[in-house]
Each structure stands twice: as C-alpha cells, then as structure tokens.
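Now for the letters of each chain:
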Amino acid sequence: MILYFSGSGNSLAIARQLAEKLDERTMSLYDALDADLLDEKRIGLVYPTYWLDAPMAVKQLVAQLTLPKKAYTFIVITCGALTNNAIWSVRKLLKQKDIQVSYSHKIRVPDSSALAFGRNPNAQAWKFDKYASRIDLIASEILNEKQRLHFSGFDPFGWLLNTSAVSRKVYRFTLPVVNPDKCVGCQICTKVCPQTNIHLSTGKACIGDRCTMCLSCVHFCPHQAVEVAGKTTLAERQYHHPSIEMHDLIRR
Ligand SMILES: Cc1cc2nc3c(=O)[nH]c(=O)nc-3n(C[C@H](O)[C@H](O)[C@H](O)COP(=O)(O)O)c2cc1C
C-alpha cells in the first residue's frame, strides 16, 4: 500500500506511478487513519517537502497511524530541490512506533511554491523529462527490497528553521490569504483543501488555523483569489501536476 499526501498533485502522481510499477494500491494519508493496514507486506509513504521538512499535516497524520511493524517500509519524497529533514523527521516518527524504514529516495519536480517567490512553477516542466528514469530505478530497488536510505540524514539548519519560534515567522511567508475582492464564494478551495481548513463566511472563503501550506487553494482557484507572499496570483503561475485533476485531490 502506498500512502500519500499531496497539495498540487506531484506526490499523488508519483505515488500512482510507483503503485503501477509495484502492483500496489494508493490511499491518502487521511483515509489511512481509518484503514486496517496491519496485514500489508509493503508500506510506502509519498509526500512533498515543505520548508526543508515534511509538511506539518504529514507529521501529524503519521503520528496517528497504525502501521505494520514487519512490512517493508519505504519513503519517497517529492521536492523542488532541497529536502534536508523531510525524510528524517518522518523516519523518526516511525521509529517511535518501532517501525524501521528500509528505503528512501527523492524525486525533483516543479516547485509548487515558486509563485510565492515571483517565479512560475510551470517553467520547471523540464524536471519531468528527468524523473521517469528515477522512478524506474526507485521501483526496481523497492521490488528487490533494497535496504538503502538516501537523503535521510539529520540537518541542523532544517531543524532550526522548523522549531516553533523561527518557523512561526518563516511560515507566515507561504500562508495563503484570500483576496475578498476576487473571491466569488465558489467553494472550490473548500473542497481541495486537504485539511478541510477553509469555510465560507458571509459568502467569501475564509482560511482557518490548520493550514499546512500545500497551496492547493492557491493553484486551483479559478478566480486567482487566493494569494501567497503578498503577490497577485497569476493564472499562468497556477500549477498542478499535468496528470492530476482537481477531483483527484478532493477528499472523500
Ligand atoms: C510551502 C512550500 C514549501 C516548499 N519547500 C520546499 C523545500 O524546502 N525544498 C524543496 O525542495 N521543495 C519545496 N517545495 C516544493 C515542493 O516540495 C514540491 O513542489 C512538491 O512536489 C509539491 O508536492 P505536492 O504537489 O504533492 O504538494 C515547497 C512547496 C511549498 C508549497
């Protein structure tokens, strides 16, 4: 079973591609909370890197999961470039549950946060050309139950960035904000938010305090009404993995 978390679809696309090659099924980490996974022989976790770490939601979900101790467990993360503690922190959570991660790797994809820095994630589509062979390699190593941890060491800088005092300031940068002048109350953001953290208030979307910064609401808003880092969201900078549609990301 491959468990995933995904905001703009990169991690879901990779989870699906790996599942096809491994003859596995995929399930969102949210659904996994209610699933019986104890008989699974192989457990994969696929999720993105946010701010040099695993997304806050991923850490919270993994902490709550009940997983088999003897399964071959692997982690594959997606990232724009630098992953620092994204594997390490989930490995640590699993270790507390007596679960050993046997294999880990990363795959570079377009950076869904690029628009917060005034860049266009769609301009990074060249990364797709490179990742196909990486997925083949990862799948064949997992099939052979290889014991190899890539990119899984501890990084003090990533840790410092994610300690509460520092992170409160840093995270504010990529917290999405609704522009009420543009919001028409269509509720697409309320549906794509994996955290169910957006609701309507007097006809406008309103973001609550459980945002994990996946930017799904920013990328899927048809009116470009959700903004990040004080920048106007431009339609050409909205991004989602080309094989993933909005309905793929809507929680059941
Ligand atoms: C808030 C935020 C922070 C990010 N931080 C990093 C980072 O520290 N390092 C990195 O390589 N990529 C970073 N990224 C890029 C994502 O890891 C990458 O685009 C990932 O594939 C998104 O996966 P998803 O579409 O499944 O959500 C960040 C993206 C977001 C939205």
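Coordinates for the structure precede this section.
Residues numbered from 1 in each chain as written. Predicted model: local features only at pLDDT ≥ 70, side-chain atom pairs only at ≥ 80, totals over all residues. Heavy atoms only, no water.

1. A closer look at the site of the ligand
Surrounding the ligand, one finds 24 residues, the nearest of these being S6, S8, T49, A81 and L82. Contact between the ligand and N10: an oxygen atom at 2.9 Å from a main-chain N or O atom of the residue. Within the backbone of S112, an N or O atom sits 2.9 Å from an oxygen atom of the ligand. Across the complex, the protein chains shield 96% of the 640 Å² of accessible surface that the ligand would expose by itself. Within the residue set of the shell around the ligand, elements represented by two or more residues are α1 (10-22) and β4 (72-79). Along the lines of polarity and charge, the residues of the shell around the ligand split into 11 nonpolar, 12 polar and one charged. (Near = heavy atom within 4 Å. Polar contact = N/O pair within 3.5 Å; in protein donor to acceptor, adjacent residues only side chain to side chain. Areas by Shrake-Rupley, 256 points an atom, 1.4 Å probe, with all protein chains shown as cover. Helix = DSSP H or I, 4+ residues; strand = E, 2+ residues; numbered from the N terminus. Nonpolar A, V, L, I, M, F, W, Y, C, P; charged D, E, K, R; others polar.)

2. A word on the sheet that holds strand β5 (residues 101-108)
Sheets are built from strands that pair by backbone hydrogen bonding, the pairs being arranged parallel or antiparallel. Spatially, six strands are ordered β2-β1-β3-β4-β5-β6 in an open sheet, and the strand pairing comes out parallel. The open sheet has two edge strands, β2 (26-28) and β6 (148-149), and neither has a second partner. Across three bridges, strand β1 (residues 2-4) lies against β2 in parallel orientation. Residue pairing across strands places L3 opposite M27, the latter belonging to β2. The sheet strands contacting helix α5 (residues 126-143) are β3 (42-48), β4 and β5, and the helix crosses β5 at an angle near 170°. (Pairing = 2+ DSSP bridges. Contact = heavy atoms within 4.5 Å. Axes fitted to C-alpha atoms, helices over the stretch in contact; angles between N-to-C directions.)

3. With respect to the nonpolar core
Counting 30 residues, the largest nonpolar core has L3, F5, L29, Y47, I75, V90 and L94 as its most contacted members. Elements represented by at least two residues in this core include exactly α2 (29-32), β3, α3 (56-64), β4 and α4 (88-96). Excluding residues that lie within four positions of it along the chain, L29 makes contacts with L3, Y4, F5, L45, V58, L61, V62 and L65. Counting 28 residues, the second largest nonpolar core, distinct from the first, contains A19, V109, Y131 and I138. (Core = buried A, V, L, I, M, F, W, Y, C linked by side-chain atoms within 4.5 Å. Buried < 20%, exposed > 50% of the residue type's maximum accessible area, 1.4 Å probe, protein only.)

4. Concerning α1
With 13 residues, α1 extends 18 Å between its outermost C-alpha atoms, agreeing within 8% with the 18 Å of an ideal straight helix rising 1.5 Å per residue. Within the span of α1, buried status applies to N10, S11, L12, A13, I14, A15, L18, A19 and L22. D23, located one to two residues past α1, shows a positive phi value of around 55°. (Expected span 1.5 Å × (residues − 1).)

5. Comments concerning α4
An α-helix turns once every 3.6 residues. As a result, residues three or four positions apart point the same way. Considered for burial, the residues of α4 that qualify are W88, S89, V90, L93 and L94. Contacts from the buried residues of α4 go to β3, α3, β4, β5 and α6 (156-161). Just downstream of α4, D98 is the residue with a positive phi angle, here 70°.

6. Brief notes about the pattern of salt bridges
Oppositely charged side chains are able to pair whenever their charged atoms sit close together. Per the counting criterion, the structure on display carries seven salt bridges. We note a salt bridge from D248 to R16, for which the minimum N-O separation is 3.2 Å. Here D248 is found in helix α10 (residues 246-249), whereas its partner R16 is found in helix α1, with 232 residues between them in sequence. Look at D248 and you get buried, because its relative accessible area is 17%. (Salt bridge = Lys/Arg side-chain N within 4 Å of Asp/Glu carboxyl O.)

7. Thoughts on the packing of aromatic side chains
Two descriptors summarise a pair of aromatic rings, namely the distance from one centre to the other and the angle between the planes of the rings. Counted by the stated rule, this structure contains seven aromatic pairs. What links up through ring pairs into an aromatic cluster is the set F5, Y30 and Y50. Here K106 stacks its cationic end above the ring of F151, 4.5 Å away from the centre of that ring. (Phe/Tyr/Trp six-rings, centres within 6.5 Å; stacked < 30°, edge-to-face > 60°. Lys NZ or Arg CZ within 6 Å of the ring centre and 35° of its normal.)

8. With respect to the packing of α3 against α4
Put simply, α3 and α4 touch, their axes get as near as 9 Å, and they point 15° apart. Here α3 is positioned roughly parallel relative to α4, judged by the angle of their axes. Between α3 and α4 lies a crossing of right-handed hand. On α4, the residues that touch V58, K59, V62 and A63 of α3 are S89, V90, L93 and L94. (Parallel < 35°, antiparallel > 145°, perpendicular 65-115°, else oblique. Left-handed = near helix turned anticlockwise from the far one by under 90°.)

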